[in-house]
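Fold and contact review
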Amino acid sequence: MSVPLPGTPVAPASPPGRMDRPPGPRRRLAAALHRHAGVRLSLLLAAPLAWLGVAYLGSLAALFVTAFWSTDSFTGDLVRTFTWANFHDVLTIEVYRTVALRSLGVAVAVTLIDAVIAFPMAFAMAKLASPRTQRWLVIAVLTPLWASYLVKAYAWRVMLSSDGLLGWGYGLWATIATLSYLWLPYMILPIYAGLERLPDSLLEAAGDLGARGWRAFRTVVWPLTFPAIVAGSVFTFSLSLGDYIAVKIVGGRSQLIGNVVYDNIGAANNLPFAAAVATIPVVIMLVYLAAVRRTGALESL
Amino acid sequence: MFFSMPDQSVAVRLRGLRKSFGPVEAVAGVDLEIADGEFFAMLGPSGSGKTTVLRMIAGFESPTAGSVELGGRDVTRLAPFERDVNTVFQDYALFPHMSVLDNVEYGLRVKKVGRAERRERATAALRSVRLEGFERRGPAQLSGGQRQRVALARALVNRPRVLLLDEPLGALDLKLREEMQVELKELQREVGITFLFVTHDQEEALTMSDRIAVFDRGRIEQVGTPAEVYERPSTPFVAGFVGTSNLISGEAAKAVLGRDGTFSVRPEKLRLALDADAPVGADEHGAIGTVAEVVYAGAATRFVVDLDAGGRLMVLQQNRDVSSMEVTELRGARVRLVWNRRHEFAIVP
């Protein structure tokens, strides 16, 4: 038998079994899927996309449509005829403007407070702590998320009550403090992730080129982690804007947009008006996201 | 080698430098003097402590014991921004949100150098690394070699006493690396600044530097010129790490050299005689063996020869008159290796 020289093509022996029989339907299907990446992708995405389209966007659309209806003030039944009346009321009646602005103010305050608390915390976690401590700190930040929202809100109620640990009493400031506490992890985690991605060598390079701490922070750390802060703010801002439970528990007699919506669905039985009020935070969020998009923060979500 | 230099000509002086990370001693007592204007290499395998020494000179790590002097001034406890050194980082560490020009001007801006002078010096620095016209680009729009040059310009523009380079060519491909070796050397001669660079590539250290310190397990094994380190390795580690070790020891040393101990001969100093009875000159040594392996490498061929007296030696021969067909046929041939006695060196185990 002659030994083939390297580089000489050798006819491959037919592999036994497998290729001789015609492939079964499952194998044919698998092979077809392998060839058509597009089909494969759409099959995988079909269910989640249907969920997103029907349940999420669909309900938003339904909300929007409902906002143009009204209720019969005598029977309380829905009247499905188009009217601008709800939006007209929302925009012209003083109290709704006040509530909307107050909600916006609370959301902005919560976001700023969280950013100020979260940044040093995230920086210590990402850049100063040993890997072991880092792990524990991440767990410590995450554990409050395992506890029920209500328990945490009532815990703050107890702390804030006039004979409680803090004793600030209830009201708008109490609401801001409670919401800041509740959403803090949502600010810490994106900033932590952003700082983790920031190579240590950039900080060293700044120091090497003569920059002291504050200057290095201002010229290198801040501009490179700003998108992460904005990403965190999307969470704290939107969660605060829609909240109505914390304010019920610690807000005293203060009202936010969420309460107006809640009261109109429940006590007032005016679903169309509630829907019109509920579009306010949606519009604010869309404006905010459009503004945020320019910073490139949405890529770091 | 340990004559003490006068202070003003010493760029870097390390005394009893140690660094432990928990139970691990990364640097276990390093003494070193680097003269002004030297191109100095710290060579060693990964984990040998060379990078940690560099980082302690830069100020990124503080030593567990010992001292760091720059130009005769003790800087052991000073922060990086208080030291007259600049670093070219292994990953270049260019600020991604700044243009090339802003990167290069960063150090000058921090030191409050006026706008006009800043621009002028930055432009000159970019010119010296042949990057004119790239001022407005972002680091992401540059190739690896170009980033490397920006990092160089950004450090050199500050005119530091010492420039520290951490594996400066490690991330570049072979062709570019060879080009940059020559360029770095030229640049250093031009600016006259002391260059201290860390590398694990022995060829890089041999080609670029005035002197080399070979590191192993947190200690310096040998300091010397490339020729000294290569021709006269003082320990088996240096012999093995810088070049191919080619050691003759034990019974083989007694049989071939008539002496006890461990000796090193570099592969290119050996002559391969195809006749096992080839004559050996008065100032030469010879050993008979069998060719075990032939590795054809284009310009040269490496032969692995098993000595009859025990042990094996690597021989490097230029392919002056032969082609691959001929040399590969030598596998199994009986040969005599001949070398001049002045090329064999005793090694302290």
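Under an unreviewed UniProt entry, the name given to chain A is ABC transporter permease, and the organism recorded is Sphaerisporangium corydalis. In the Subcellular location (unreviewed entry) part of its UniProt record, chain A is described as follows: "Cell membrane". Quoted verbatim from the Sequence similarities (unreviewed entry) field of UniProt, the annotation for chain A is "Belongs to the binding-protein-dependent transport system permease family. CysTW subfamily."

Attention shifts here to the packing of helix 7 (residues 172–197) of chain A against helix 9 (residues 213–241) of chain A. Residues and elements named next belong to chain A. Running from amino to carboxyl end, helix 7 crosses helix 9 at an angle of 150°, the nearest separation of the two axes being 8 Å. Classified by the angle between their axes, helix 7 and helix 9 sit roughly antiparallel to one another. In the crossing of helix 7 with helix 9, the sense of the turn from one axis to the other is right-handed. Contact residues: helix 7 offers Leu179, Trp183, Tyr186, Met187, Pro190, Ile191, Gly194 and Leu195, while helix 9 offers Val221, Thr225, Ala228, Ile229, Ala231, Gly232, Ser233, Phe235, Thr236, Leu239 and Ser240. Tallied by class, the residues present in the contact of helix 7 with helix 9 amount to 13 nonpolar, six polar and no charged.

All names here are of chain B. Despite not being glycine, Tyr92 has its phi angle at roughly 70°, a positive value. By the secondary structure assignment, Tyr92 is in the loop between strand 6 (85–88) and helix 2 (100–110). Even without being a glycine, Lys112 presents a positive backbone phi close to 60°. Residue placement: Lys112 occurs in the loop between helix 2 and helix 3 (115–128).

Residue and element names in this part refer to chain B. With their axes 12 Å apart at the nearest point, helix 4 (residues 144–156) and helix 5 (residues 174–191) run at an angle of 15° to one another. The angle between the axes of helix 4 and helix 5 places the two elements in the roughly parallel class. Crossing handedness for the pair helix 4 and helix 5: right-handed. Contact residues: helix 4 offers Gly145, Gln148, Arg149, Leu152 and Leu156, while helix 5 offers Leu176, Met180, Glu183, Leu184, Leu187 and Val191.

Residue and element names in this part refer to chain A. With 91% of its residues at a pLDDT of at least 70, chain A reaches an overall mean of 86. Mean pLDDT across the elements of chain A ranges from a minimum in strand 2 (residues 78–79), with 79, to a maximum in helix 8 (residues 200–208), with 95. In this model, residues 1–10 is a region of pLDDT below 50 whose contacts with residues beyond four sequence positions or in other chains number one contact.

In this section: a nonpolar patch on the surface. All names here are of chain A. Together, Leu41, Leu44, Leu45, Leu49, Leu52, Tyr56, Leu57, Leu60, Val282 and Leu286 give the surface a local cluster of nonpolar side chains, amounting to about 960 Å² of exposed area. For the nonpolar patch, the elements supplying multiple residues, two or more each, are helix 2 (37–66) and helix 12 (271–293). The element contributing the most residues to the nonpolar patch is helix 2, with eight residues. For Leu49, the position within the fold is in helix 2.

Residues and elements named next belong to chain A. The positions that UniProt labels "transmembrane region" (unreviewed entry) are, in the present scheme, residues 43–69, 104–124, 136–156, 168–189, 220–241 and 271–291. With 71% helix and 0% strand, the stretch residues 136–156 has end C-alpha atoms that lie 25 Å from each other. Secondary structure across residues 271–291 comprises 100% helix and 0% strand; the distance between its end C-alpha atoms is 31 Å.

Next up on the list: the interface of chain B and chain A. With 22 residues of chain B in contact, the opposing surface of chain A contributes 18 residues. Each partner contributes to the roughly 1700 Å² buried at the junction of chain B and chain A, and carbon and sulfur atoms together form 61% of this total. Summed over the shared surface of chain B and chain A, the number is one salt bridge. Linking chain B with chain A are seven residue pairs in polar contact (both at pLDDT 80 or more). Of all elements in the fold, only strand 6 and helix 2 of chain B reach the threshold of two or more residues within the side of chain B that touches chain A. Among the elements that line the side of chain B that touches chain A, the one with the most residues is helix 2 of chain B, at four residues. Across the side of chain B that touches chain A, the residue classes break down as twelve nonpolar, five polar and five charged.

This brings us to the nonpolar core. Residues and elements named next belong to chain B. Leu14, Val53, Ile57, Phe95, Tyr106 and Leu196 are the most contacted members of the largest nonpolar core, which totals 58 residues. Excluding its chain neighbours within four sequence positions, the residues that come into contact with Leu14 are Val30, Asp31, Leu32, Val53, Ile57, Ser67 and Val68. Grouped together as the second largest cluster of nonpolar side chains are 44 residues, Phe39, Val150, Val157 and Leu184 included.

Turning to the packing of aromatic side chains, a few remarks are in order. All names here are of chain A. According to the stated counting rule, one finds 23 aromatic pairs over all chains in the structure shown. Ring geometry for Phe68 versus Phe82: centroids 5.0 Å apart, planes at 15°, classification stacked. Here Phe68 is found in the loop between helix 2 and strand 1 (70–71), whereas its partner Phe82 is found in the loop between strand 2 and helix 3 (85–92), with 14 residues between them in sequence. For Phe82, a relative accessible area of 56% corresponds to the exposed category. Ring centres of Phe237 and Tyr288 lie 4.5 Å apart, and the angle between their planes is 25°; on these two criteria the pair is classed as stacked. With Phe237 in helix 9 and Tyr288 in helix 12, this residue pair connects regions lying 51 residues apart in the sequence.

Scoring rules and cut-offs
- Residues numbered from 1 in each chain as written.
- Chains lettered and ligands numbered in written order.
- Predicted model: local features only at pLDDT ≥ 70, side-chain atom pairs only at ≥ 80, totals over all residues.
- Heavy atoms only, no water.
- UniProt positions renumbered as here; feature names shortened; annotations may be inferred.
- Axes fitted to C-alpha atoms, helices over the stretch in contact; angles between N-to-C directions.
- Helix = DSSP H or I, 4+ residues; strand = E, 2+ residues; numbered from the N terminus.
- Parallel < 35°, antiparallel > 145°, perpendicular 65-115°, else oblique.
- Left-handed = near helix turned anticlockwise from the far one by under 90°.
- Contact = heavy atoms within 4.5 Å.
- Nonpolar A, V, L, I, M, F, W, Y, C, P; charged D, E, K, R; others polar.
- pLDDT = per-residue confidence, 0-100.
- Patch = residues over 30% accessible without salt bridge, like charges linked within 9 Å, V, L, I, M, F, W, Y side chains within 5 Å.
- Areas by Shrake-Rupley, 256 points an atom, 1.4 Å probe, with all protein chains shown as cover.
- Salt bridge = Lys/Arg side-chain N within 4 Å of Asp/Glu carboxyl O.
- Buried area = accessible area lost by both parts, 1.4 Å probe.
- Polar contact = N/O pair within 3.5 Å; in protein donor to acceptor, adjacent residues only side chain to side chain.
- Core = buried A, V, L, I, M, F, W, Y, C linked by side-chain atoms within 4.5 Å.
- Buried < 20%, exposed > 50% of the residue type's maximum accessible area, 1.4 Å probe, protein only.
- Phe/Tyr/Trp six-rings, centres within 6.5 Å; stacked < 30°, edge-to-face > 60°.

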